[in-house]
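Examining the three-dimensional arrangement
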Amino acid sequence: MNFTLKIWRQKDAKSKGAFETYKVKDISADTSFLEMLDILNNDLVHEGKEPVAFDHDCREGICGMCSLHIDGLAHGPGQAATTCQIYMRKFQDGATITIEPWRSAAFPVIKDLVVNRGAYDQILQAGGYVSVRTNSVPDANAIPIAKADADESMDAAACIGCGACAATCKNGSAMLFVAARVSSLAKLPQGRVEGARRAKAMVAKMDELGFGNCTNTGACQAECPKGISIAHIARLNREFLAAKIQD
Amino acid sequence: MNCFLYNSSVGKKLVMSISGCALVLFIIFHMSMNIAAIFSAEAYNTICELLGANWYALVGTAGLAALVVVHFAYALLLTVNNYRARGKQRYAVTAKEPGVSWASKNMLVLGVIVVVGLLLHLSHFWAKMQLVEILGGHESLVGDQMIAATDGAALIQYTFSKWYNVVLYLVWFAALWFHLSHGVWSMFQTAGWANDTWYPRLKCVANIVATLIFLGFAAVVVVFFLKANCCCALC
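**Quick notes on the overall build of chain A**
Along its length, chain A carries 9 helices and 7 strands. In terms of overall size, chain A behaves like a compact globule, its C-alpha atoms giving a radius of gyration of 20 Å where 247 residues would be expected to give roughly 18 Å. Dimensions of chain A along its principal axes, counting C-alpha atoms only, are 60 × 40 × 35 Å. Going through the 247 residues of chain A one by one, you find that 47% of them count as buried. When contacts within chain A are restricted to residue pairs at least 6 apart in sequence, those whose partners lie at least 24 apart make up 69%.

**Topic: the overall build of chain B**
Helix and strand counts for chain B stand at 10 helices and 2 strands. The dimensions of chain B, computed from C-alpha atoms along their principal axes, are 55 × 45 × 35 Å. Contacts in chain B between residues at least 24 apart in sequence constitute 73% of all its contacts with a sequence separation of at least 6.

**Topic: the interface of chain A and chain B**
Opposite the 39 residues of chain A that make contact, chain B presents 37 residues. The element contributing the most residues to the side of chain A that touches chain B is helix α9 (residues 231-246) of chain A, with 8 residues. Here the side of chain A that touches chain B is built from residues that sort into 14 nonpolar, 16 polar and 9 charged.

**Let's talk about the packing of helix α9 (residues 163-191) of chain B against helix α10 (residues 198-229) of chain B**
Residues and elements named next belong to chain B. In contact at an axis separation of 8 Å, α9 and α10 are set at 165° when each is read in the N-to-C sense. The angle between α9 and α10 places the two elements in the roughly antiparallel class. Pair α9 / α10 crosses with right-handed handedness.

**Observations regarding the pairing of strand β2 (residues 145-148) of chain B**
All names here are of chain B. Note that strand β1 (residues 139-142) and β2 share 4 bridges and pair antiparallel. Its bridge partner being in β2, S140 is matched across the sheet by I147. Counted along the chain from β1 to the antiparallel partner β2, the turn is 2 residues long, and its residue G143 has a positive phi close to 65°.

**Let's talk about the environment of L141 of chain B**
Assignment of secondary structure puts L141 of chain B in strand β1. Taking the C-alpha atoms as reference points, L141 of chain B and I113 of chain B, separated by 28 residues in sequence, lie 28 Å from one another.

**Observations regarding the environment of C66 of chain A**
Structurally, the position occupied by C66 of chain A is in the loop between α1 (33-46) and β3 (69-70). When neighbours within four sequence positions are excluded, C66 of chain A is seen to be in contact with L34, D55, H56, T82, T83 and C84 of chain A.

**Section: the domain arrangement of chain A**
Residues and elements named next belong to chain A. On domain assignment, one finds that chain A holds domain 1 (3-111) and domain 2 (117-246). Computed from C-alpha coordinates alone, the two centres of domain 1 and domain 2 are separated by 29 Å. Residue-level contacts link 18 residues of domain 1 with 18 residues of domain 2. For the side of domain 1 that touches domain 2, a count of residues per class yields 10 nonpolar, 7 polar and 1 charged.

**Quick notes on the sheet that holds strand β1 (residues 3-9) of chain A**
Residues and elements named next belong to chain A. Ordered by their spatial adjacency, 5 strands build an open sheet running β2-β1-β5-β3-β4, and the pairing between neighbours is mixed. One side of each edge strand has no neighbouring strand; the edge strands of this open sheet are β2 (18-24) and β4 (73-74). Two strands pair when backbone bridges link them, and β3 and strand β5 (residues 96-100) are joined in this way by 2 bridges, in the antiparallel orientation. Opposite I70, over in β5, you have I99 as the bridge partner.

**Details of helix α3 (residues 147-157) of chain A**
Residue and element names in this part refer to chain A. When we look at burial in α3, the residues that qualify are E152, D155 and A156. Taken end-on, α3 shows its buried residues confined to a sector of 95°, consistent with a single buried face. The exposed residues of α3 that point more than 90 degrees off its buried face are K147, A150, D151 and M154.

**A look at the nonpolar core**
Within the largest apolar cluster, 103 residues are counted, with the highest numbers of intra-cluster contacts made by C165, A166, A174, L176, F177 and V178 of chain A. Tallying contributions element by element places α9 of chain B first for this core, with 13 residues. Taken domain by domain, this core gets at least three of its residues from each of domain 1 (3-111) and domain 2 (117-246) of chain A. Ignoring anything within four residues of it in the chain, the contact list for C165 of chain A reads A174, L176, F177, C220 and C224 of chain A.

**Describing the packing of helix α2 (residues 118-127) of chain A against helix α7 (residues 195-208) of chain A**
Residues and elements named next belong to chain A. One can describe the packing of α2 onto α7 by two numbers: an axis separation of 8 Å at closest approach and a directional angle of 150°. On the basis of their axis angle, the class for α2 and α7 is roughly antiparallel. The chirality of how α2 crosses α7 is right-handed. For the pair α2 and α7, contact is made by Q122, I123, A126 and G127 and by R197, R198, A201, M202, K205 and M206, respectively. Residue classes in the contact of α2 with α7 are distributed as 5 nonpolar, 2 polar and 3 charged.

**Some details on the confidence of the model for chain B**
Residue and element names in this part refer to chain B. Looking at chain B, pLDDT values average 94 and 97% of them are 70 or higher. The lowest-confidence element of chain B is β1, averaging 90 in pLDDT; the highest-confidence one is α9, averaging 98. Overall fold confidence for the complex sits at a pTM of 0.94, while the interface term, ipTM, reaches 0.92.

What counts, and at which threshold
Residues numbered from 1 in each chain as written. Chains lettered and ligands numbered in written order. Predicted model: local features only at pLDDT ≥ 70, side-chain atom pairs only at ≥ 80, totals over all residues. Helix = DSSP H or I, 4+ residues; strand = E, 2+ residues; numbered from the N terminus. Rg over C-alpha atoms; globule rule 2.2 N^0.38 Å. Buried ≥ 20, exposed ≤ 12 C-beta atoms within 10 Å, placed from the backbone. Contact = placed C-beta atoms within 7 Å. Nonpolar A, V, L, I, M, F, W, Y, C, P; charged D, E, K, R; others polar. Axes fitted to C-alpha atoms, helices over the stretch in contact; angles between N-to-C directions. Parallel < 35°, antiparallel > 145°, perpendicular 65-115°, else oblique. Left-handed = near helix turned anticlockwise from the far one by under 90°. Pairing = 2+ DSSP bridges. Domains from an automatic or database assignment. Arc of directions from axis to C-beta. Core = buried A, V, L, I, M, F, W, Y, C linked by C-beta atoms within 7 Å. pLDDT = per-residue confidence, 0-100.

The following block contains the structure:
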């Protein structure tokens, strides 16, 4: 398969970026999207040109490092998949593919397609944890947890913090990420204890870092590679409002 | 001001949710009241008399005006915040995400259309009814006839005899339909009263409420237009 790639190139955070067009040829339909970019970079290095910078790590959809806005969609075409799980057979032979970095004021571009997602780490540091003794593994059955609650907690904990939710939201809102973290802990007895403090601290940090307000479009849920539901946003709203009213 | 209703994103959305809920309840009351005009001019005018420049009607009007101002002011505030959060550099290519409604992404535009329609509506009716009574009058000149401030039925008859008013009001109601089709379920989500089981139900209820409101208001407009312009059994 042959493709024309329109890729955002930006020297560093302060430089002005622009699209550059590249051609890639003889790509196997079973090549992953990131492997296709590797092939492009290999060609660029052989030509003595600067390779395209993009984030990647595990390449099996669990680390949250890959990003990319491909043809208008976060993580490209395909439901519940990260960019590393997208294969070139998803595209038409001869297609022009536009590749952009995440666009959100809280995720500034560092270089080419790499953005700084440190804002999510700061939100986590504000309260996305439990302050309990963690130096030994507790007995799994010491605290009984209903199966439905454990399942819901695990569904929320599937969040890999890739940033697709804020990147795809027309309001640049990080609510799905914050909600997933708050919800995964709120459904478990260990996390329940600090539920009120956590919801208030994480929402306050999210607002302070300049993320937008959720208007319930559901675009985050549609583009989340882990299929996390906006029902967790409803729970975050409940947790936050109940905590504030009790203050 | 150190209040979560003003300085937190979730608190600001709660204000939108509660004020929106109150406005929806008023709209349902207004629509029900209008339906009376189709069946009996006398019944409708009796309601108009009750809602003249009485103290309770004035308190209600002031409350409604405050709700509209709060809902609209917060909408502008949230939109400015969201515009900034999106950043200066926008995507060159965008695509429609599956399952995301057009209305949910255009609530401000729809809201502006609703407010413009509201101003037109106030000039057609409120300015000729309650405002006249507040200013101490009892009737006002509408077209080439004097209409009493309590004769709402005559005002409806006059206003919707004009085809251009019918078109403007139907466009207004259509914008309101889209606004409510997202707003009604969204207010439950913002207040935290939603989950995966209830989303289909809430969205269904939102569509039913929006459609009933559209049909209820549109019926009055269309019936009075036909009464004024058609030589048929309705005349």
